[in-house]
Each structure stands twice: as C-alpha cells, then as structure tokens.
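Given next are the chains, with one letter for each unit.
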Amino acid sequence: MRSAYTALTRKALFASGGGDPEAAHHRTIRILEQAGDSPRRRAALAKLPRPSAPTTLFGIRFPNPVGLAAGMDKDAVAIPAWGALGFGFVEVGTVTWHPQPGNPAPRLFRLVESEAIINRMGFNNRGAQAMAARLAALGPAPVPVGISLGKSKVTPVSGATEDYLNSLKVLLPYADYIAVNVSSPNTPGLRSLQDRSALDELLSALRGHTVAAAGPGGPVPLLVKIAPDLTDDAVAEVIEVCATRGVAGIIATNTTISRGGLAPSDLSRAGEAGGLSGRPVHAMAVRTVAFVVKEAGDALPVIGVGGILDPDDAQRMFDAGARLVQLYTGFVYGGPGLVRRIARAGAAHR
Ligand SMILES: Cc1cc2nc3c(=O)[nH]c(=O)nc-3n(C[C@H](O)[C@H](O)[C@H](O)COP(=O)(O)O)c2cc1C
C-alpha cells in the first residue's frame, strides 16, 4: 500500500516550483528549517514520538540506526526537524572551507521510473565558518550529528589537506563524527584523494588534529566515505590506509558515475553528467559494504548507504554487515514514513 506521503505529499512536492526538483528541495528544507527555528518550536519537536532502536557505535549512542545521508542538509539548517521526522542521526554537509555556489543549474534530475536521482550539485554551501556559527547557535542537537567535509572547488587537489583541515578546525567542536568525503563525482579531482598517498597525507593530518584536540571522551571519530565505482583492489588500499591512520569507520557508498539499471523511460537522462543514486546504485553499494566488512572486520564498522528504498533494502545492508544505514533518495521517494518503517523493522530483526 502506498503511504500517505507517497500518494499526496510527494505529488504536491514534486509538482511545486513548476516541477523543478531543486526548487522542491529548497522549499522542503525551508519548511523544515522554520519548524525548528525557535527554542519553543525545538522543544515542541523534541516531544514528538520517534522510533527507538538504540545502538552504540564509534562510542556514540544512536537512538536508531537510520540516518540522513550527506547532501540533503548541506548547511545544517534543519537538524531539530530531522530528529523529529524519526532519523537516528544526521550527516550534514558536505561543507567546504570556502563558501561556493556549486555548478550551474539545472543540476538535479529525478528519474522517477528508476527510483533514482542524477545530481551534479558540486557542493553548493555557505562554507565551514557559517556552518560553525549555525551549530553554535543551535545548541545541543536532538540526535548525533556527523559533519561531512569536502574540498573547495577553488583549492587545487595539491592543497586539499589544508582546505579540509581548515574546515575541521572550526567544526570539530560540533561534530559527533566527521565524514571525510573523497568520493563525490562533482568536484574535479576529488576522487583522486582515494588514492593511497593522497589519502594517507589527508587522513594523517586530519587525525593528527582530532587527536590533538581530543577531550576526555577521546578523539572525535573520523569516517571515510567511498565511491561505489572503486575496484576491489582500490577499496582494499583505502581500508589499509584507514586502518593505519586511526580511521573509525567507512561510509559506503556515494553516488555512482555508471548508468546501469535505468528504466527505459529514463534512458534519455543517462547522458546527464553527475552521480546516480537510488535503486540503480543499491547492488553496488551492498557489494561494497560486504567487501569492506570481509576485509576489515570489526576494525572498520560500516555505515551502508545507497538505494535503500524500502525496509528489505535496509535489511540487505544490515545482512551485508552494515551497522547503521543512511537514506537520501529513499527519503525523497518514500518520505518520513520510510524512516520509521526501517527503524521499526531493524529493531525487530537485529
Ligand atoms: C542531490 C544529492 C546531493 C548529494 N550530496 C552529497 C554530498 O554533499 N556529500 C556526500 O557525501 N554525498 C552526497 N550525496 C550522496 C548521498 O549522500 C548518498 O551517498 C547517495 O545518494 C546514495 O544513497 P541514496 O541512494 O540513498 O541516495 C548526494 C546525493 C544526492 C542525490
């Protein structure tokens, strides 16, 4: 049976802004931002019932294992609302040191028949300092917050370490974990930071700072988010560097640059540049999760993300060994009801 969200809200949302997906996105974020924009409203949101399936990982207690994936709340404006919608954690960003507009529009495409999205947003965000100010003003968050860091477009790949480090320094006080995004396809050169020597340099600098800044609870955990397009050898190399550099876990996966699995009616969109998410990336993401779990075991717990559109997809991620899951495209197509259904099913199965 289609949920009320799928039947009504989604139809209205998809049609809003003249059917422009990015306009619908900004409208949704604005509504969610306003829902939590005063202490009184935040207190009201905090009282709403939410799914409880607690799990502890990386030393963090998550009220349930279903998180919001990076890229939805790039500037961390709606954290109280995400908690009220049932998410057990929120990954905000990807944020860059320099504020930047992202790529020219159109840059976001819904492929409805394929239950997929192609995006080439290019890290549009207000910058790390604006996010830090925002998080300082918000006060304690209702759910754990991961902060996803990326490289500013104006910074050459050779200067990436300093660029990430600048963001880390201002945002670390507000993060339950830091996600090092080296896998978005929409910033030229970014994915080359998954290569051994570049990754080693980046992670050793970031880890050096988290260790130096550690409080009594120990350093804030660093997680690395990887692409689904890496070969097994490349993933094995990433795992080795992560393990040596004290990384706490892996987020698998980002969007794919491949174009398999599209419905015939969406093939005309296959030529759009950018990353593909949703149903077509699911098998690749599950496979990557299983590979990381097999190679790294308990040393690098995995957050599974990619094409989770119903509770069975989430279960497949958990069966592959993921300890937490995240949604982006599934939330666009399934709404908040999906978050609750997965959290409830997860609580029953595990
Ligand atoms: C419009 C859009 C923007 C995204 N932006 C980011 C981002 O800024 N940082 C990031 O790490 N992942 C980003 N992602 C990738 C998602 O976090 C997720 O890894 C990917 O979409 C696969 O999950 P899904 O199939 O549930 O969407 C974005 C995805 C979409 C669709």
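Everything that follows concerns the structure shown earlier in this document.
Predicted model, so just to flag it, every value in this text is computed and none were measured.

## Focus on the nonpolar core
In step 1: Core analysis: the biggest nonpolar cluster contains 85 residues, and W82, I147, Y164, I178 and V180 have the highest contact counts within it.
In step 2: Here the element with the most residues in this core is helix α11 (residues 329–349); it accounts for seven residues.
In step 3: Those residues in contact with W82 that lie beyond four places of it in its chain are I29, L32, L68, M72, D73, F87, V90 and F331.
In step 4: Ranked by size, the runner-up nonpolar core spans 13 residues in total, among them I60, F62, A179 and L223.

## Side note on helix α6 (residues 160–171)
In step 1: Helix length check: α6 (twelve residues) gives 17 Å between terminal C-alpha atoms against 16 Å at 1.5 Å per residue, within 8%.
In step 2: Every buried residue belonging to α6 is among A160, T161, D163, Y164, L165, S167, L168 and L171, and all of these are buried.
In step 3: Against β4 (89–95), α5 (128–138), β7 (145–149), β8 (177–181) and α7 (196–212) lie the buried residues of α6.

## Quick word on the site of the ligand
In step 1: The environment of the ligand is made up of 23 residues, and the closest members are A70, T94, G278, G307 and T329.
In step 2: Note that an oxygen atom of the ligand is positioned 2.9 Å from one of the backbone N or O atoms of T253.
In step 3: Contacts to the ligand include G278, whose backbone N or O atom sits 2.8 Å from an oxygen atom.
In step 4: Burial of the ligand by the protein amounts to 98% of the accessible area it has alone, namely 610 Å².
In step 5: A molecule is said to occupy a pocket when more than half its atoms come within 2 Å of that pocket's grid points, and by this definition the ligand occupies the largest pocket.
In step 6: Elements with a minimum of two residues in the shell around the ligand: β6 (116–119) and β11 (275–278).

## Structural notes on the sheet that holds β8
In step 1: Taken in spatial order, the eight strands close into a barrel running β3-β4-β7-β8-β9-β10-β12-β13, and their pairing is parallel. Neighbouring strand axes in the sheet, compared pairwise and without regard to direction, differ in orientation by 25° on average.
In step 2: Here strand β10 (residues 249–252) runs beside strand β12 (residues 302–305); their pairing, made up of three bridges, is parallel. Across the sheet, the residue bridging to I251 is I303, located in β12.
In step 3: Contacts between α7 and the sheet are confined to β8 and β9 (222–226), with β9 contributing the most and set at about 155° to the helix.

## Describing the environment of L13
In step 1: As for its placement among the helices and strands, L13 is situated in helix α1 (residues 4–15).
In step 2: Between the alpha carbons of L13 and A24 there is a distance of 5.9 Å; along the sequence they are eleven residues apart.

## Looking at the side chain of T155
In step 1: Structurally, T155 can be placed in the loop between β7 and α6.
In step 2: If we skip the residues at most four places from it in the chain, T155 touches H98, A160 and D163.

## Observations regarding the pairing of β9
In step 1: Among the five residues that make up β9, five are buried, leaving the element largely enclosed by the rest of the structure.
In step 2: Of the two faces of β9, the one lined by L222, V224 and I226 and the one lined by L223 and K225 are each fully buried.
In step 3: Pairing analysis gives four bridges linking β8 to β9, with the strands arranged parallel. Across the sheet, the residue bridging to N181 is K225, located in β9.

## Focus on unusual backbone geometry
In step 1: Of the consecutive residues G93 and T94, the connecting peptide bond is found in the cis state with omega at 10°.
In step 2: Among the secondary structure elements, T94 is positioned in strand β4.
In step 3: Between A252 and T253 the backbone carries a cis peptide bond, its omega angle lying at 15°.
In step 4: Tracing the backbone through its elements, the reader meets T253 in the loop between β10 and β11.
In step 5: The residue F58 is not glycine, and still its phi comes out positive at about 55°.

How each quantity is defined
- Residues numbered from 1 in each chain as written.
- Predicted model: local features only at pLDDT ≥ 70, side-chain atom pairs only at ≥ 80, totals over all residues.
- Heavy atoms only, no water.
- Core = buried A, V, L, I, M, F, W, Y, C linked by side-chain atoms within 4.5 Å.
- Buried < 20%, exposed > 50% of the residue type's maximum accessible area, 1.4 Å probe, protein only.
- Helix = DSSP H or I, 4+ residues; strand = E, 2+ residues; numbered from the N terminus.
- Contact = heavy atoms within 4.5 Å.
- Expected span 1.5 Å × (residues − 1).
- Near = heavy atom within 4 Å.
- Polar contact = N/O pair within 3.5 Å; in protein donor to acceptor, adjacent residues only side chain to side chain.
- Areas by Shrake-Rupley, 256 points an atom, 1.4 Å probe, with all protein chains shown as cover.
- 1 Å grid on protein atoms, 1.4 Å probe; cavity = no way out; pocket = protein on both sides within 12 Å on 5 of 7 lines; lining within 4 Å.
- Sits in = over half its atoms within 2 Å of the grid points.
- Pairing = 2+ DSSP bridges.
- Axes fitted to C-alpha atoms, helices over the stretch in contact; angles between N-to-C directions.

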